[in-house]
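# Analysis of the macromolecular model
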Amino acid sequence: MTEKDLLYDTILARSFSKNEQKRLGYGAFIASLLFVFTLCTVFKPYLSPLPIVELQIPMNAGLRMLRITETQKQQASGSSDNATSGDSENLVLPNDQINITSNATTPQSITSSKDHELSVGNDTSLPKNMFNSTTNSTIAEEHVTTEGNKLEKTMKPICKKLARTEICEINGDVRVHGKSATIHAAITFAFSGNSTWHIKPYARKGDVAAMERVREWTVKLEQNAENANLSRCVRNHSVPAILFSLGGYSMNNFHDFTDIVFPLYTTARKFNGEVQFLVTNKNQPWINKFKGILKNLSNYELIYTDEKDETHCFSSVTVGLTRHREYYKELTIDPSDSEYSMSDFRKFLRDSYSLRNAAVRPVTTQRRRPRMLILARGRSRAFTNSGAIARAAKQIGFKVVVAEANADVASFAQTVNSCDVMLGVHGAGLTNMVFLPENAVVVQILPIGGFEWLAKTDFEEPSKGMNLRYLEYKIAAEESTLLRRYGRNHEIVRDPSAVGKRGWEMFQSVYLVQQNVSIDINRFKPVLVKAFELVQMQSV
């Protein structure tokens, strides 16, 4: 029997003819193709590359570190915005959630609720000294939660830099040692090495002269509390603490409010009195001056930390005070960064000093004449003819009070709150407009010297936020005592802008210190009339 006969002598050969075997082979081939096609169609969505793989981050890494750089915004909107963005561009904002969600058909994307540029990487790619205060980095605690194929990360800042302040919000085993100006915190989350942050808790960062008068504190984070060299607690506290400085420009009424009172209110009010104040750079006259505000913000006696060689222990400590994010914003509250408004703050002041008038009272000729307060000054930028101004205001219809602000804030706040109009030369005394009732009128007198930018930043813009009416009067050279002192042709009188270009110290020594004001009554009368009309409008 031949080989061909042997091959043919098989089971199939016994059952099928050669033509039938060929047809059977073709059918099997076609069936195999259909099976493969079906598999590809059914399982195609599951064959796309995994998002975690595209990010090149191992699953067990859990996106350990997220670096966020805030996009520069509004670069052409003015000097205030420019100054702000420069200091805060690397901040990690609280409660910002970064969602990373897998998608079967589109490339993996990372999105944020803020307008940020994001980059993701392992913590080993970051400098070990990334938490040092000499950089623009922010010490931040990370929280990661997972649900299905969705991963959410929240970066909670611990220490952060803003345009005009620095602030650390520390939770855990926090120990404050006053004599060494050190705060140790034993924390539970992971970070690269021991972190240190140097901070001056006064809300006027960038002002060298002010910050030289503020004590520097060191915040040290320790991950392992058992092995950390923490000082023994002398006193344990059951409430949170806020540490702030009374150095800087304290006891200047303008800076008292814009650098301390406003920031302290926005930082402490949320605790509803259940917060312990820790004071560095003790200033007893300031404490006496603002004791009404301090008592309304905290139910506890102040602790002066600097000279005490003892450790106070807390579960939560805030070092520094919050402030408006924009550099050139004074006497105001940032509504985008605070749960409290200017209206809330003014109500708080009325409660603190028992002020009766929330808004200007209706004026009728039969019952009441509107009251005008003329702010007197004892040294520079004083009215040399306040009596003539008072007589002119009375002729128009005002009842006039002439008074100088003093350290008795409670008493002077009552005087201001009883008035419908407050008039004064540019200076710290105008800060008392915070006590005026709503719809009252503020009249700012501008001496010669180029005060426009100061006038607008310090009082005009803030007055609008307080729901006050604002009027302005720029004196002529003849109304300044500098004319009699230097003569009309002197550069100081003739070209103040040239003098101003020599720096702030020159400007201050001449136009703020040497100058007094003698108002031209005839020239000033239209301003008095306008103020009277604005008050009358509240009665309609």
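Everything in this summary refers to the structure shown in the same document. (Residues numbered from 1 in each chain as written. Predicted model: local features only at pLDDT ≥ 70, side-chain atom pairs only at ≥ 80, totals over all residues. Heavy atoms only, no water.)

A count of helical and extended segments in the protein chain gives 18 helices and 20 strands. Each of the 540 residues in the protein chain was classed as buried or not, and the buried ones make up 48%. When contacts within the protein chain are restricted to residue pairs at least 6 apart in sequence, long-range pairs at least 24 apart make up 74% of them. A total of about 27600 Å² of accessible surface is found on the protein chain, and carbon and sulfur atoms cover 50% of it. (Helix = DSSP H or I, 4+ residues; strand = E, 2+ residues; numbered from the N terminus. Buried < 20%, exposed > 50% of the residue type's maximum accessible area, 1.4 Å probe, protein only. Contact = heavy atoms within 4.5 Å. Areas by Shrake-Rupley, 256 points an atom, 1.4 Å probe, with all protein chains shown as cover.)

Adjacent strands of a sheet pair through backbone hydrogen bonds, lying either parallel or antiparallel. As summarised here, the arrangement of the five strands in space is S17-S16-S18-S19-S20, forming an open sheet in which the pairing is parallel. Sheet topology places strand S17 (399-403) and strand S20 (469-474) at the edges, where each strand pairs with a single neighbour. Direction aside, neighbouring strands of the sheet carry axes that sit 20° apart on average. Sheet strands touched by helix H11 (residues 386-396): strand S16 (371-375) and S17. Its angle to S16, the strand with the most contacts, is close to 165°. In the packing of helix H18 (residues 521-537) onto the sheet, contacts are made with S16, strand S18 (421-425), strand S19 (441-446) and S20, and the angle to S20 comes to roughly 175°. (Pairing = 2+ DSSP bridges. Axes fitted to C-alpha atoms, helices over the stretch in contact; angles between N-to-C directions.)

Two elements in contact, H11 and H18, have axes whose closest approach is 10 Å; the angle formed by their N-to-C orientations is 45°. Taken together, the axes of H11 and H18 lie oblique to each other. Crossing of H11 over H18 shows right-handed handedness. Of the residues in H18, those in contact with Ala388, Ile389, Ala392, Ala393, Gln395 and Ile396 of H11 are Ile521, Phe524, Lys525, Leu528, Val529 and Phe532. (Parallel < 35°, antiparallel > 145°, perpendicular 65-115°, else oblique. Left-handed = near helix turned anticlockwise from the far one by under 90°.)

Turning our eyes to something else, we now look at the pattern of salt bridges. Taken as a whole, this structure holds 19 salt bridges when the rule is applied. Glu330 is the partner of Arg164 in a salt bridge, and the nearest nitrogen-oxygen pair spans 3.9 Å. Within this pair, whereas Arg164 is found in the loop between strand S6 (150-161) and strand S7 (166-177), its partner Glu330 is found in the loop between strand S15 (311-319) and helix H10 (342-353), the two being separated by 166 residues in sequence. When its relative accessible area of 6% is taken as the criterion, Glu330 is described as buried. Note that Lys347 and Asp351 form a salt bridge whose closest N and O atoms lie 3.3 Å from each other. Separated by four residues within a single helix, Lys347 and Asp351 lie in helix H10, roughly one turn from each other. On the accessibility criterion, Lys347 (44% relative accessible area) is partly exposed. Linked through salt bridges whose partners overlap, the residues forming this network are Arg164, Arg204, Asp207, Asp259, Arg323 and Glu330. (Salt bridge = Lys/Arg side-chain N within 4 Å of Asp/Glu carboxyl O.)

Before going further, it helps to examine the packing of aromatic side chains. A full pass over the atoms with the stated rule returns 18 aromatic pairs. Plain terms: the ring middles of Phe507 and Tyr511 are 5.6 Å apart, the flat faces sit at 45° to each other, and that makes the pair tilted. Of this pair, Phe507 and Tyr511 both sit in helix H17 (residues 504-512), four residues apart, which is roughly one turn of the helix. Relative accessible area serves as the criterion here: at 5%, Phe507 is assigned to the buried category. Members of the aromatic cluster, joined through ring pairs, are Phe257, Trp286, Phe290, Tyr353 and Phe435. Its guanidinium or amino end placed over the ring of Tyr327, Arg164 lies 3.9 Å from that ring's centre, counting from NZ or CZ. A cation over a ring is seen here: Lys282 above Tyr304, with NZ or CZ 4.3 Å from the ring centre. (Phe/Tyr/Trp six-rings, centres within 6.5 Å; stacked < 30°, edge-to-face > 60°. Lys NZ or Arg CZ within 6 Å of the ring centre and 35° of its normal.)

Ranked by internal contacts, the top residues of the largest apolar core, which has 57 residues, are Phe262, Phe277, Phe345, Leu373, Met433 and Phe435. With eight residues, helix H7 (residues 253-268) is the largest single contributor of residues to this core. Sequence-distant contacts of Phe277, defined by excluding residues within four places in its chain, comprise Ile242, Phe244, Leu264, Ala268, Leu294, Leu297, Ser298, Leu302 and Ile303. If you look at the next biggest cluster of nonpolar residues, it comprises 45 residues, including Ile445, Leu482, Val527 and Ala531. (Core = buried A, V, L, I, M, F, W, Y, C linked by side-chain atoms within 4.5 Å.)

On to the packing of H7 against H10. Packing of H7 against H10 leaves a shortest axis separation of 11 Å and a crossing angle of 105°. As far as their axial angle goes, H10 and H7 are roughly perpendicular. In contact with Val261, Phe262 and Tyr265 of H7, H10 contributes Met342, Asp344, Phe345 and Phe348. Looking at side-chain class alone, the contact of H7 with H10 contains six nonpolar, no polar and one charged residues. (Nonpolar A, V, L, I, M, F, W, Y, C, P; charged D, E, K, R; others polar.)

Now for H11. Every α-helix winds through 3.6 residues per turn, so residues three or four apart in the chain are directed the same way. If you check which residues of H11 are buried, you get Ile389, Ala390, Ala392 and Ala393. Take H11 and look down its axis: the buried residues cluster within an arc of 165°, on one side only. Exposed and facing more than 90 degrees away from the buried side of H11 are Arg391 and Gln395. Buried residues in H11 make contact with S16, S17 and H18. Just downstream of H11 lies Gly397, where phi reads positive at about 135°. (Arc of directions from axis to C-beta.)

Here we come to a nonpolar patch on the surface. A surface patch of nonpolar side chains, about 440 Å² in accessible area, is lined by Phe29, Ile30, Leu33 and Leu34. Relative to the assigned elements, Phe29 resides in helix H3 (residues 18-43). Since its relative accessible area comes to 55%, Phe29 is described here as exposed. (Patch = residues over 30% accessible without salt bridge, like charges linked within 9 Å, V, L, I, M, F, W, Y side chains within 5 Å.)

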